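Chain by chain, the residues run as shown.
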Amino acid sequence: MLRYLTAGESHGQSLVVIVEGLPAGLSVTTEQLGAELARRRLGYGRGPRMRFEADELVLLSGVRHGRTLGSPVAVEIKNSEWARKWTEEMSPAPGLPTKKLTKPRPGHADLAGMLKYGFDDARDVLERASARETAARVVAGALAKALVAEIGIQILSHVVQIGEVKTERTSIPSPGDLERIDSSEVRCLDERVEQLMIAEIKSAAKVGDSLGGSVEVVGHGVPVGLGSHVHWDRKLDSQLAGALMSIQAVKAVSIGAGIEVARRRGSDAHDAIKFDSESGQYSRPTWLSGGIEGGISNGAPLVAEVWMKPLATLNRPVLETVDTATKEPALSFKERTDVVAVPAMGVVAEAMVALVLANEATRKFGGDSVAEFVRNWEGFCNHLSATPSAVFADQSEPLGAGEADD
């Protein structure tokens, strides 16, 4: 099984991530991990921090000469601002802050964290609650992506909605679309909608406001048999929902057609099962279930949509709060922020999906080395007498042939 742990604060010396359970022999380089972190900085509407955040990576342990050793992999992501600006304010040595933040921001962990832990300074909470922590998750996810790629799994995301602007999905993107998605300023496949999204961001930025939206994460080549129906915490969709909901500012997750399915009748809400006698393969013509049935992957593409709320830190603070020191009404303080972070959230969502799939794949196939892991997967495929990934027969009808009930 795969486990990971992150440590570090937003403006601390560095973030650290430890990943345990990777088999020996997996190819890993700092360039490979850095490329994923660079994708996290993509997106029109990101704040000024993205322009100078270098994400200097140090592989601390678990890798020798570009290959994992089977021991825990530890990676440090250094904070480029630490020495210049934050050594005193975020010092681990005994002392006092130069300024306490006492006007907690609605929509953040500030006040609840202050009350829970007995703090009188919101910075004691916000530094760890910050979405900067997701940089460490992206590194862990990059390692997980590399592992599941060994058995043919490829994971990508694309932006579906920003603010009120939404693309109409008639198919799911393929791995070959990823370069085009990442070249988009908002990571949207639809060029017409991309320009509308940018206009929406500009409009919000002009008045110092923020926007939310949603992304769709797709896993191609996911083998049948990941997850289980036998326990609630083994169900693959349950694990994915929990992992994706753990991303900062994410408020909703759906698998497959999600809410849309609830509006339908049962006769039009499920993916038909087909069998090709020539190839010996089962197939699903639609992806209503998102590639998961009964908590188990069924071999069709995995599809999940993830919704992010508008960021609660605004460039024009207008959110009402209370000063915890004086108990007087106030406006929440301004910390450096983005207008929208939905495109970047998609990259983090990919990482979380990869970590869940890698954990279940190592549980299912085992192996102390990558070669053994792949060999066990191949043995499972041979046992099925078919490829583990179902043929996705018709991408032009993602929600089925019928219309949803109103």
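**Q** I tried to follow the overall build of the protein chain on my own but got confused; where do I start?
**A** A tally of regular secondary structure across the protein chain gives 12 helices and 18 strands. On C-alpha atoms alone, the protein chain measures out to a radius of gyration of 22 Å, which is about the 22 Å that the 2.2 N^0.38 rule sets for 406 residues. Across the 406 residues that make up the protein chain, the buried fraction comes to 50%. Sequence-distant contacts, at least 24 apart, represent 73% of the contacts inside the protein chain between residues at least 6 apart. Here the protein chain has roughly 18800 Å² of accessible surface; of this, 52% comes from carbon and sulfur atoms.

**Q** In this structure, what is going on with the sheet that holds strand β9 (residues 213-220)? I would like to understand it.
**A** Sheet strands pair by backbone hydrogen bonding; their relative direction is either parallel or antiparallel. Strand order across the open sheet formed by 5 strands is β8-β7-β9-β15-β10, with antiparallel pairing between neighbours. Looking along the sheet, the strands with just one partner apiece sit at the ends: β8 (165-166) and β10 (250-255). Relative to β8, strand β7 (residues 154-162) runs antiparallel, the two being bridged by 2 bridges. By the bridge assignment, I162 is partnered in β8 with V165. Of the strands in this sheet, β7, β9, β10 and β15 (302-308) touch helix α11 (residues 342-365), which is tilted by about 145° from β7.

**Q** Looking at this structure, how should I read the nonpolar core?
**A** Burial of nonpolar side chains together is a common tendency in soluble globular proteins. One finds I162 and L357 to be the most contacted residues of the largest nonpolar core, which totals 77 residues. If you tally residues by element for this core, the top one is α11, at 14 residues. Not counting the four nearest positions on each side in its chain, I162 is found in contact with V186, M197, E200, I201, L211, G212, G213, V340, V342 and P343.

**Q** I would appreciate a short explanation of unusual backbone geometry in the present structure.
**A** Note: most peptide bonds trans; most residues except glycine with negative phi. In this structure, H65 takes a positive phi of about 55° despite not being glycine. Residue classification places H65 among the exposed positions, given a relative accessible area of 72%. The phi dihedral of R187 is positive, around 55°, even though this residue is not glycine. Along the chain, R187 falls in the loop between α7 (178-183) and α8 (191-206). Note on R187: relative accessible area 0%, which makes it buried.

**Q** Explain the confidence of the model for the protein chain here, please?
**A** Low pLDDT means the predicted coordinates in that region are not meant to be read closely. Per-residue confidence for the protein chain averages 90 on the pLDDT scale, and 92% of its residues sit at or above 70. Across residues 391-406 the pLDDT falls below 50, and counting only partners more than four positions away or on other chains, this stretch makes 41 contacts in the model.

**Q** It is not clear to me how the pairing of β15 should be interpreted in this structure. Could you clarify?
**A** Side chains on a regular strand alternate between the two faces of the sheet. Among the 7 residues in β15, 6 count as buried, and that is most of the element. Of the strand pairs in this sheet, β10 and β15 are connected by 5 bridges, and their pairing is antiparallel. If you follow S254 over to β15, its bridge partner there is E305.

**Q** Looking at this model, I keep getting lost on the side chain of T362. Mind explaining?
**A** Here T362 shows up in helix α11. Those residues in contact with T362, other than ones at most four positions away along the chain, are M1, L2, G21, L147 and F373.

**Q** It is not clear to me how the packing of helix α9 (residues 236-245) against α11 should be interpreted in this structure. Could you clarify?
**A** For any two helices packed against each other, the geometry is given by the interaxial angle and the distance between the axes. Viewed as axis vectors pointing N to C, α9 and α11 meet at an angle of 145°, and their least axial separation amounts to 9 Å. Crossing hand, α9 versus α11: right-handed. Of α11, the residues touching α9 (which contributes L236, Q239, L240, A243 and L244) are A349, M352, V353, V356, L357, N359 and E360. For the contact of α9 with α11, the class distribution of residues is 9 nonpolar, 2 polar and 1 charged.

**Q** Looking at this structure, I do not really get a nonpolar patch on the surface. What am I missing?
**A** There is a patch of nonpolar side chains on the surface, built from I273, F275 and Y282 and spanning about 380 Å² of accessible area. In this structure, I273 sits in the loop between α10 (259-262) and β11 (274-276). By relative accessible area, I273 is classed as exposed at 56%.

**Q** Just checking my understanding: could you explain α8 for this structure?
**A** Side chains three or four residues apart in an α-helix point the same way, a direct result of the helix having 3.6 residues per turn. Here α8 contains 16 residues, and its C-alpha end-to-end distance of 23 Å stays within 8% of the 22 Å for a straight helix at 1.5 Å per residue. Buried within α8 are the following residues: V193, E194, M197, I198, I201 and A204. Each buried residue of α8 lies within a common arc of 145° when the element is viewed along its axis, so the set occupies one face. Exposed and facing more than 90 degrees away from the buried side of α8 are R192 and K206. Where α8 is buried, its residues meet β7 and β8. Directly after α8, the chain includes G208, whose backbone phi takes a positive value near 70°.

**Q** Explain helix α4 (residues 110-117) to me, please; I cannot follow it from the model alone.
**A** Among the residues of α4, those classed as buried are D110, G113 and M114. In a view along the axis of α4, the buried residues occupy a sector of 100°, so they form one face of it. Pointing more than 90 degrees away from the buried face of α4 are the exposed residues A112, L115 and K116. Where α4 is buried, its residues meet α5 (123-129). Looking at the residues trailing α4, positive phi occurs at G118, about 75°.

Rules behind the numbers
- Residues numbered from 1 in each chain as written.
- Predicted model: local features only at pLDDT ≥ 70, side-chain atom pairs only at ≥ 80, totals over all residues.
- Heavy atoms only, no water.
- Helix = DSSP H or I, 4+ residues; strand = E, 2+ residues; numbered from the N terminus.
- Rg over C-alpha atoms; globule rule 2.2 N^0.38 Å.
- Buried < 20%, exposed > 50% of the residue type's maximum accessible area, 1.4 Å probe, protein only.
- Contact = heavy atoms within 4.5 Å.
- Areas by Shrake-Rupley, 256 points an atom, 1.4 Å probe, with all protein chains shown as cover.
- Pairing = 2+ DSSP bridges.
- Axes fitted to C-alpha atoms, helices over the stretch in contact; angles between N-to-C directions.
- Core = buried A, V, L, I, M, F, W, Y, C linked by side-chain atoms within 4.5 Å.
- pLDDT = per-residue confidence, 0-100.
- Left-handed = near helix turned anticlockwise from the far one by under 90°.
- Nonpolar A, V, L, I, M, F, W, Y, C, P; charged D, E, K, R; others polar.
- Patch = residues over 30% accessible without salt bridge, like charges linked within 9 Å, V, L, I, M, F, W, Y side chains within 5 Å.
- Salt bridge = Lys/Arg side-chain N within 4 Å of Asp/Glu carboxyl O.
- Expected span 1.5 Å × (residues − 1).
- Arc of directions from axis to C-beta.

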